[in-house]
Amino acid sequence: MKSKNIYLIHKALAPIFHSQPPGRNDGSPDNTTNTSYHRRIKIMSSTPTSVKLLETKAVSGNSVRGVGRRTFISLVLEELGFVKNKVVIDLPYALAETMLIGGTMSAGQGRERDALAKRYAEVYDKLPFYGLFGGSYKGVFFPGRLSVGFAYPLISGMGAILEHMDSPFTKDYPERRLDANDCADFEQRYARAALTNVEAERDTFGFLLARMADYPEFIERLTAAIDKAEENNKDKVDLKEVEEYILSEEGQPALEKLGQIFNVAPATTQTGKEAIIKKLGKYNKGIQSIFGVSGAIAAGTHLHQRISLLPGYGDDNLMETVFDAFVECVIARGYLGGMYTRGYGAVATEARVGTSDQPIPFTEASRAGEFWNWLRENKETIRKNLINFEKDLFGV
């Protein structure tokens with residue numbers, strides 16, 4: 001199958017804020033731990049007369065995916081009778097963890113990996129709501145089929161991106177309207193020319209991420225841990241999964257690189273590993289305790305986002321209904337970014353499918369109802385599949 005795309009326009013009803021930890025900023029002044037800065041992405045902004053590289057405020061797809069996943073899976077488990085008083089019951093902790101937040105990357109047994117080829121694909125057919133997101137369960141990694149793109153403001157010069165996507169919102173935002181959407185010189189206030197010579201502050205996660213740029217698996221785990229801490233308003237980042245990774249055989253190259261950064265040699269001895277874990281912890285200086293907020297996206301701004309169902313394992317027809325049900329949860333939540341308890345993030349969201357020439361309202365095309373009907377009609381079978389998840393997967 002080809003990827004299925006759903007396009008969203010979020011209209012900000014309040015300022016939107018999605019922070020980046022200290023040390024990961026773009027050189028904004030007064031970068032202290034009690035000031036939080038909005039994260040940025042690089043974009044190529046093009047007009048009929050110029051093309052320029054900008055950094056503009058955006059909300060990462062990971063935050064939308066994470067919150068949406070927990071909301072959607074909680075509804076699924078509640079429908080299946082696994083939730084009582086908002087608490088998951090009758091499911092092993094490891095399974096509930098992998099469904100709600102993706103699980104951990106802890107190593108599994110050799111026999112588990114051998115069983116993977118025999119029963120792997122069945123998980124996507126029997127439990128498509130898990131297969132959509134994927135995750136890791138006792139050393140077995142399930143790649144998800146969901147891709148959630150950045151939500152970025154529609155400012156002048158962004159029309160070309162919508163055209164390249166063939167977004168069904170393209171004709172709603174001709175360049176003259178994008179100019180009008182630049183609330184109070186949006187580009188001057190929020191978008192900057194790309195900064196190439198900014199050195200991240202030492203002894204911060206930003207410095208570490210920059211030094212570990214050639215180790216994407218480490219970057220992915222550390223970034224996910226930082227994002228999770230931000231989403232849950234935690235004072236510290238939980239580094240458990242990062243530590244498990246660098247102590248595993250797969251993570252040994254990253255461990256050795258950290259040894260070079262921390263001046264620990266040899267890095268692979270027990271003493272070296274303990275020293276690296278200790279030094280890594282010193283970088284965990286906290287990402288909350290926010291007294292100041294810098295650069296929130298202005299209320300009234302329109303943001304564009306694409307969410308995609310990618311080719312992969314499982315019944316495509318059934319997976320499409322799960323995908324639509326997830327997107328409906330994202331829309332229904334009505335918030336984007338973080339700090340919603342402080343009044344940030346309220347949005348009114350419209351979704352469409354189709355193309356720029358044939359836009360179709362998502363409300364007319366959504367097959368979410370088919371998923372919920374399938375879930376109810378097969379409730380007992382699905383419950384058994386979840387309860388016997390480990391036995392069916394590993395044959396034990």
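Not measured: the values here are computed from a predicted model. (Residues numbered from 1 in each chain as written. Predicted model: local features only at pLDDT ≥ 70, side-chain atom pairs only at ≥ 80, totals over all residues. Heavy atoms only, no water.)

### Focus: the overall build of the protein chain
Along its length, the protein chain carries 17 helices and 16 strands. Burial analysis of the protein chain (396 residues in total) assigns 49% to the buried set. When contacts within the protein chain are restricted to residue pairs at least 6 apart in sequence, those whose partners lie at least 24 apart make up 72%. In the form shown here, the protein chain has an accessible surface area of approximately 18700 Å², with 49% of it arising from carbon and sulfur atoms. (Helix = DSSP H or I, 4+ residues; strand = E, 2+ residues; numbered from the N terminus. Buried < 20%, exposed > 50% of the residue type's maximum accessible area, 1.4 Å probe, protein only. Contact = heavy atoms within 4.5 Å. Areas by Shrake-Rupley, 256 points an atom, 1.4 Å probe, with all protein chains shown as cover.)

### Focus on the packing of aromatic side chains
Per the counting criterion, the structure on display carries 14 aromatic pairs. Taking 6.4 Å as the distance between ring centres and 85° as the angle between the ring planes, the aromatic pair formed by Phe72 and Phe326 counts as edge-to-face. Of this pair, Phe72 sits in helix α1 (residues 61-79) while Phe326 sits in helix α13 (residues 316-333), and the two are 254 residues apart along the sequence. Each of the two residues, Phe72 as well as Phe326, counts as buried. For the pair Phe72 and Trp372, a centre-to-centre distance of 5.8 Å together with 65° between the ring planes defines the contact as edge-to-face. Within this pair, whereas Phe72 is found in helix α1, its partner Trp372 is found in helix α15 (residues 368-377), the two being separated by 300 residues in sequence. Taken individually, Phe72 and Trp372 each receive the classification buried, so the pair is uniform in this respect. Between Arg383 and the ring centre of Phe82, over which it is positioned, the NZ or CZ distance is 4.3 Å. (Phe/Tyr/Trp six-rings, centres within 6.5 Å; stacked < 30°, edge-to-face > 60°. Lys NZ or Arg CZ within 6 Å of the ring centre and 35° of its normal.)

### Some thoughts on the pairing of strand β8 (residues 134-137)
Of the two faces of β8, both are covered, the one formed by Gly134 and Ser136 as well as the one formed by Gly135 and Tyr137. Taken together, the four bridges between β8 and strand β9 (residues 140-143) define a ladder with antiparallel strand orientation. The partner of Ser136 across the bridge, within β9, is Phe141. Linking β8 back to β9 in an antiparallel pair, the connection comprises two residues, with Lys138 at a positive phi of about 50°. (Pairing = 2+ DSSP bridges.)

### Structural notes on the environment of Leu13
By secondary structure assignment, the location of Leu13 is in the loop between β1 (4-12) and β2 (19-20). Leaving out residues up to four positions away in the same chain, Leu13 has contacts with Ala299, Ala346, Val347 and Ala348.

### Describing α13
Its 18 residues place the ends of α13 26 Å apart at the C-alpha level, agreeing with the 26 Å of an ideal helix rising 1.5 Å per residue. Those residues of α13 that fall on the buried side of the exposure criterion are Leu318, Met319, Thr321, Val322, Phe323, Asp324, Ala325, Phe326, Val327, Cys329 and Val330. Looking at where α13 begins, the residue whose side-chain oxygen comes 2.8 Å from the main-chain nitrogen of Asn317 is Asp315. Phi turns positive one or two residues past the end of α13, at Gly334, with a value near 75°. (Expected span 1.5 Å × (residues − 1). Polar contact = N/O pair within 3.5 Å; in protein donor to acceptor, adjacent residues only side chain to side chain.)

### Considering the packing of helix α10 (residues 240-247) against helix α12 (residues 270-282)
Two elements in contact, α10 and α12, have axes separated by 11 Å at closest approach and are oriented at 155°. It follows that α10 is roughly antiparallel to α12 by the angle criterion. Between α10 and α12 lies a crossing of right-handed hand. Counted together, Val242, Glu243, Ile246 and Leu247 of α10 and Lys273, Ile276, Ile277 and Leu280 of α12 form the full contact between these two elements. Split by residue class, the contact of α10 with α12 holds six nonpolar, no polar and two charged. (Axes fitted to C-alpha atoms, helices over the stretch in contact; angles between N-to-C directions. Parallel < 35°, antiparallel > 145°, perpendicular 65-115°, else oblique. Left-handed = near helix turned anticlockwise from the far one by under 90°. Nonpolar A, V, L, I, M, F, W, Y, C, P; charged D, E, K, R; others polar.)

### Structural notes on the nonpolar core
Judged by nonpolar contacts, the single largest core of 57 residues is most densely connected at Phe72, Phe129, Phe142, Phe326, Phe371 and Leu386. Counting residues per element, this core draws most heavily on α13, which supplies nine residues. Contact partners of Leu386, with chain neighbours within four places excluded, come to Leu77, Leu80, Phe82, Leu91, Leu95, Met99, Leu127 and Phe129. If you look at the next biggest cluster of nonpolar residues, it comprises 22 residues, including Val237, Ile246, Ala254 and Leu255. (Core = buried A, V, L, I, M, F, W, Y, C linked by side-chain atoms within 4.5 Å.)

### Details of the environment of Ser3
Mapped onto the fold, Ser3 is located in the segment before β1. Sequence separation of Ser3 and Leu146 is 143 residues, and the distance between their C-alpha atoms is 9.8 Å. Excluding residues within four positions of it along the chain, Ser3 makes contact with Leu309, Leu310 and Pro311.

### Some remarks on helix α16 (residues 379-387)
Considered for burial, the residues of α16 that qualify are Ile382, Arg383, Asn385 and Leu386. When α16 is viewed along its axis, its buried side chains cluster within an angular range of 160° and face the same direction. (Arc of directions from axis to C-beta.)

### Some thoughts on the pattern of salt bridges
Enumeration according to the criterion identifies 11 salt bridges in this entry. Salt-bridge contacts for Glu217 lead to Arg221; the nearest nitrogen and oxygen are separated by 2.8 Å. Residue Glu217 and its partner Arg221 are both found in helix α9 (residues 216-231); the two are separated by four residues, about one turn of the helix. Residue classification places Glu217 among the partly exposed positions, given a relative accessible area of 33%. Arg221 sits in the buried class, given a relative accessible area of 9%. Linked by salt bridges that have partners in common, Lys4, Glu320, Asp324, Arg367 and Glu370 make up one network. (Salt bridge = Lys/Arg side-chain N within 4 Å of Asp/Glu carboxyl O.)

### Some remarks on the confidence of the model for the protein chain
On average, residues of the protein chain score 77 in pLDDT, and 74% of them are at 70 or above. Confidence drops under pLDDT 50 across residues 24-34; counting only partners more than four residues distant or on other chains, this segment forms 34 contacts. Across residues 287-291 the pLDDT falls below 50, and counting only partners more than four positions away or on other chains, this stretch makes 22 contacts in the model. (pLDDT = per-residue confidence, 0-100.)

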